[in-house]
Every structure is written in structure tokens, then in C-alpha cells.
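Next come the chains, spelled out residue by residue.
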Amino acid sequence: MNEDVRLLAWVRGRVQGVGFRWFTRAKALEIGGLSGFALNLGDGRVQVVAEGAREGCEGLLAWLQDGDTPGHVAGVTEIWDTPRGGYDGFAIR
């Protein structure tokens, strides 16, 4: 079963000022069917919220953890939840 889920991920490392949010949005659009956003946080991390099919969210998480991302990812913390909706596509905030 490929139910819809909500992924909240906090990416730490050198992920600001390197196009990380733009590439995250591009990857989410490439996967397809995902909505949400990528946001720079004041402490240097990037927060990623993605909603959609579990398979798509798992693919985005795998890319965040091990993919060819810009900058350098030191680690990712994630939380899984039920979708809340309200997103129009995948945005950079």
C-alpha cells in the first residue's frame, strides 16, 4: 500500500547559500506528486516538509540523506506524520 504521508525533515551541514532549497524543490518535482516546501532556518539547517505518496516521500528522504545534493549534508532528522494539506505545489520559502 502506498498511502499518503507527511515527511518533516531537518537537514544539517553546509546546506544554506549553496542552492540546496532549489535542488530540493527540483527533486520533489522530478519525483512527482509531492507538495510542501524547503525553508532555511536561523540555525543553519534546512527544513523540508513534503506530503504525498509514501514511496515519493521516501525517495526524497533518501536523496536528502545520500543523494548528490549541493553543499554537504552532515545528517538528516525526520518525523513521519499524517498529511495536513494546504500546499500548492512544492515551494521554496
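Note that this is a predicted model, so its numbers are computed, not measured.

**Comments concerning the side chain of Arg6**
Link 1 in the chain: Relative to the helices and strands, Arg6 resides in strand S1 (residues 4–14).
Link 2 in the chain: There is a polar contact of 3.1 Å between the side chain of Arg6 and the side chain of Tyr87.
Link 3 in the chain: Apart from the residues lying within four places of it in its own chain, the contact partners of Arg6 are Val49, Ala50, Glu51, Ile79, Trp80, Asp81, Thr82, Pro83, Arg84 and Tyr87.

**Focus on the environment of Gly33**
Link 1 in the chain: Mapped onto the secondary structure, Gly33 falls in the loop between helix H1 (20–31) and strand S2 (35–40).
Link 2 in the chain: Take Gly33: its relative accessible area is 71%, and that puts it in the exposed class.
Link 3 in the chain: Between the alpha carbons of Gly33 and Phe90 there is a distance of 9.5 Å; along the sequence they are 57 residues apart.
Link 4 in the chain: Among all residues touching Gly33, those that are not within four sequence positions of it are Glu51 and Gly52.

**Side note on the UniProt feature "domain: Acylphosphatase-like" (unreviewed entry) in the protein**
Link 1 in the chain: If you check UniProt for "domain: Acylphosphatase-like" (unreviewed entry), the listed places come out as residues 6–93 in our numbering.
Link 2 in the chain: Between the end C-alpha atoms of residues 6–93 there is a gap of 18 Å, over a span that is 28% helix and 41% strand.

**Focus: the pairing of S1**
Link 1 in the chain: Pairing of S1 with strand S3 (residues 46–53), which is carried by 8 bridges, proceeds in the antiparallel orientation. When the bridges of S3 are listed, Leu7 appears paired with Ala50.
Link 2 in the chain: Pairing of S1 with strand S4 (residues 72–81) involves 9 bridges; the strand directions are antiparallel. Note on S4: the bridge partner recorded for Trp10 is Thr77.

**A few points about the pattern of salt bridges**
Link 1 in the chain: For the structure shown, the criterion picks out 6 salt bridges.
Link 2 in the chain: Across the pair Arg54 and Glu3 runs a salt bridge, and its minimum N-O distance is 3.0 Å. On the criterion of sequence distance, the pair formed by Arg54 in helix H2 (residues 54–66) and Glu3 in the segment before S1 is long-range, its members being 51 residues apart.
Link 3 in the chain: For Glu3, a relative accessible area of 30% corresponds to the partly exposed category.
Link 4 in the chain: When salt bridges with common partners are traced through the structure, they connect Glu3, Arg54 and Glu58 into a single cluster.

So, how was this worked out
- The residue numbers shown here count from 1 along each chain, following its written sequence.
- For this predicted model, a pLDDT threshold of at least 70 governs which residues receive local features, and a threshold of 80 or more governs which side-chain atom pairs are given and counted, while totals over whole chains, interfaces and linings are taken from all residues.
- Excluding hydrogens and water, the side-chain figures rest on all heavy atoms present in the structure.
- For the purposes of this entry, the term helix denotes a DSSP run of H or I that reaches at least four residues, the term strand denotes a run of E that reaches at least two, and both are numbered from the N terminus.
- Polar contact is the term for a pair of N or O atoms within 3.5 Å; when the atoms are in protein, one must be able to donate a hydrogen and the other to accept it, and sequence-neighboring residues count only if both atoms are side-chain atoms.
- Any pair of residues with heavy atoms lying within 4.5 Å of one another is described as a contacting pair.
- For every residue, the accessible area (1.4 Å probe, protein chains only) is compared with the maximum for its type, and the residue is labelled buried under 20%, exposed over 50%, or partly exposed between those bounds.
- UniProt positions are given in the numbering used here, feature names are shortened, and annotations may be inferred rather than shown by experiment.
- The criterion for strand pairing is that DSSP finds at least two bridges linking the strands in question.
- One speaks of a salt bridge when a side-chain nitrogen belonging to Lys or Arg is within 4 Å of a carboxyl oxygen belonging to Asp or Glu.

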